[in-house]
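Observations on chain architecture
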Amino acid sequence: MTVNIDWENLGFEYHKLPFRYISYYKDGKWDQGQLTEDATLHLSEAAPSLHYGQQAFEGMKAYRTKDGSIQLFRPDRNAARLQDTADRLLMPQVSTEQFIDAAKQVVKANEDYVPPYGTGATLYLRPLLIGVGDIIGVKPADEYIFTIFAMPVGAYFRGGLKPTNFIVSEAYDRAAPHGTGAAKVGGNYAGSLLPGKKAKAIGYSDVIYLDPTTHTKIEEVGAANFFGITANNEFITPLSPSILPSITKYSLLEIAEKRLGMTVIEGDIPVADLDKFTEAGACGTAAVISPIGGIQYRDNLHVFYSEKEVGPVTRRLYDELVGIQFGDIEAPEGWIVKVE
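Computed from a prediction, not measured in an experiment: that's the story for all the values here.

1. Some details on the overall build of the chain
Helix and strand counts for the chain stand at seven helices and 18 strands. A compact globule built from 340 residues should have a C-alpha radius of gyration of about 20 Å, and the chain, at 20 Å, falls within 12% of that. Along the three orthogonal principal directions, the C-alpha set of the chain runs to about 55 × 50 × 35 Å. Residues counted as buried form 54% of the 340 residues belonging to the chain. Of the contacts made within the chain by residues no fewer than 6 positions apart, 72% connect residues no fewer than 24 positions apart. For the chain, the accessible surface area stands at approximately 15,800 Å², while carbon and sulfur atoms represent 48% of it. One way to put it: in the chain the 32 positive side-chain charges average out to a point 2 Å from where the 43 negative ones average out.

Written as structure tokens, this is what we have:
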């Protein structure tokens, strides 16, 4: 089937595709799951996901390679992270086998919507796990829905990889100490909307969140993980129980160490020590890497490599990871799952 889509000008927007996967948890077990053309979820008005936020989600992509085949990037890590989030919110786990099988079914059923190789566009998948049923008290649901839907999305950087500036937030925290910061739950994102809007209103891409306990250490960049690069060839990223464990970040840590020969460090990054970094960036599924030109902290704008040009190490990391995802560079063992 020929799909009438301008692949070169896709944004990051919802598209209703023909098929999505859905599975129901009832009486203590998941059903077989199936593809459906119904894009509407049917749930009780008393569903705990609506009232008490008992829900979790993931973000992942399918990539068209040069030979026309399609592949997923580390879907087992998305499955594991969803399982960890499910444990935190007392929801039943979706097995890794079911998770990957569901993702492959959705991609295969919507194969015509996987963007062509060379456009920079991908098929974005959104797995969703929600508590449903008639529960009005504050307690876990008895029934759940697991679904995966998909949409083609464009290259995050339409004009190419370009640095942007961020501002440190001291008025807002992304997560509470010992809270759900390490879980991929919707409430974390809802709470980030206001500070993000305020940052954009004064010319910044988003906010830099500090640790919620001391407000002295960098934790996250908007909805992404932070990394810094030093003149000593170090790749440093924060370590904290409040940080979402980014699959992109851990992939970059491995690439930096094993392919670029860098020293990799997870540890504290005091916001007062920004001068130690020659380059910096944010990383996540949507953008892979967002180069950071400068960080505004109080009255000082700390500029890293440049506000206009991407640093050489950031560029190498980006090219290596994207090359792996699109099949142009050999992947570490177990990172790629083919959709056949």
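Moving on from the model shown.
2. Thoughts on a negative patch on the surface
Taken together, the side chains of Asp 27, Glu 45, Asp 134, Asp 142 and Glu 143 define an acidic patch exposed on the protein surface. Note that Asp 27 resides in the loop between β1 (20–26) and β2 (29–30). Overall, the relative accessible area of 80% leaves Asp 27 in the exposed class.

3. Thoughts on helix α6 (residues 247–258)
Taking 1.5 Å per residue, twelve residues should reach 16 Å; α6 reaches 17 Å between its end C-alpha atoms and fits that length. Every buried residue belonging to α6 is among Ile 247, Thr 248, Lys 249, Ser 251, Leu 252, Leu 253, Ile 255 and Ala 256, and all of these are buried.

4. A word on the UniProt feature "modified residue: N6-(pyridoxal phosphate)lysine" (unreviewed entry) in the chain
Mapped onto the present numbering, the UniProt feature "modified residue: N6-(pyridoxal phosphate)lysine" (unreviewed entry) falls at Lys 184. Note on Lys 184: relative accessible area 9%, which makes it buried. Excluding anything up to four places from it in sequence, Lys 184 contacts Ala 56, Phe 57, Glu 58, Gly 59, Arg 81, Thr 85, Tyr 189 and Leu 244.

5. Concerning the environment of Lys 108
Tracing the chain through its elements places Lys 108 in helix α3 (residues 96–109). Given the relative accessible area of 40%, Lys 108 is considered partly exposed. Sequence-wise, Lys 108 and Leu 90 are 18 residues apart; in three dimensions their C-alpha atoms are separated by 31 Å.

6. Digging into the packing of aromatic side chains
The full count for this structure, using the stated rule, is twelve aromatic pairs. Between Tyr 14 and Phe 149 the ring centres are 6.1 Å apart and the planes differ by 70°, which places this aromatic pair in the edge-to-face class. On the criterion of sequence distance, the pair formed by Tyr 14 in the segment before β1 and Phe 149 in strand β8 (residues 143–153) is long-range, its members being 135 residues apart. Put simply, the rings of Tyr 21, Tyr 25, Trp 30, Phe 99, Tyr 144 and Phe 146 touch in pairs and so form one group of aromatic residues. Above the ring of Tyr 24, the side-chain terminus of Lys 26 is found at 5.9 Å from the ring centroid.

7. Here we look at the domain arrangement of the chain
The parts lose accessible area when they come together, and the size of an interface is often stated as this lost area. The assigned domain composition of the chain is domain 1 (20–153) and domain 2 (164–326). Distance from the C-alpha centre of domain 1 to the C-alpha centre of domain 2: 26 Å. Listed per partner, the contact involves 25 residues of domain 1 and 21 residues of domain 2. Together, the buried faces of domain 1 and domain 2 total about 1,800 Å²; carbon and sulfur atoms form 61% of this surface. Taken together, the connections running from domain 1 to domain 2 amount to zero salt bridges. When the residues that make up the side of domain 1 that touches domain 2 are grouped by side-chain class, the tally is nine nonpolar, eight polar and eight charged.

8. Regarding the pattern of salt bridges
All chains considered together, the criterion is met by nine salt bridges. Between Arg 259 and Glu 320 there is a salt bridge, with its nearest N and O atoms 2.8 Å apart. Highlighted residues: Arg 259 in the loop between α6 and β14 (263–267) and Glu 320 in helix α7 (residues 312–325), separated in sequence by 61 residues.

9. Comments concerning helix α2 (residues 75–88)
Taking 1.5 Å per residue, 14 residues should reach 20 Å; α2 reaches 20 Å between its end C-alpha atoms and fits that length. Considered for burial, the residues of α2 that qualify are Pro 75, Asn 78, Ala 79, Ala 80, Arg 81, Leu 82, Gln 83, Thr 85 and Ala 86. Positive phi appears at Leu 90, one or two residues downstream of α2, with a value of about 55°.

Criteria and cut-off values
Residues numbered from 1 in each chain as written. Predicted model: local features only at pLDDT ≥ 70, side-chain atom pairs only at ≥ 80, totals over all residues. Heavy atoms only, no water. Helix = DSSP H or I, 4+ residues; strand = E, 2+ residues; numbered from the N terminus. Rg over C-alpha atoms; globule rule 2.2 N^0.38 Å. Buried < 20%, exposed > 50% of the residue type's maximum accessible area, 1.4 Å probe, protein only. Contact = heavy atoms within 4.5 Å. Areas by Shrake-Rupley, 256 points an atom, 1.4 Å probe, with all protein chains shown as cover. Lys, Arg positive; Asp, Glu negative; His and termini not counted. Charge placed at Lys NZ, Arg CZ, Asp CG, Glu CD. Patch = residues over 30% accessible without salt bridge, like charges linked within 9 Å, V, L, I, M, F, W, Y side chains within 5 Å. Salt bridge = Lys/Arg side-chain N within 4 Å of Asp/Glu carboxyl O. Expected span 1.5 Å × (residues − 1). UniProt positions renumbered as here; feature names shortened; annotations may be inferred. Phe/Tyr/Trp six-rings, centres within 6.5 Å; stacked < 30°, edge-to-face > 60°. Lys NZ or Arg CZ within 6 Å of the ring centre and 35° of its normal. Domains from an automatic or database assignment. Buried area = accessible area lost by both parts, 1.4 Å probe. Nonpolar A, V, L, I, M, F, W, Y, C, P; charged D, E, K, R; others polar.

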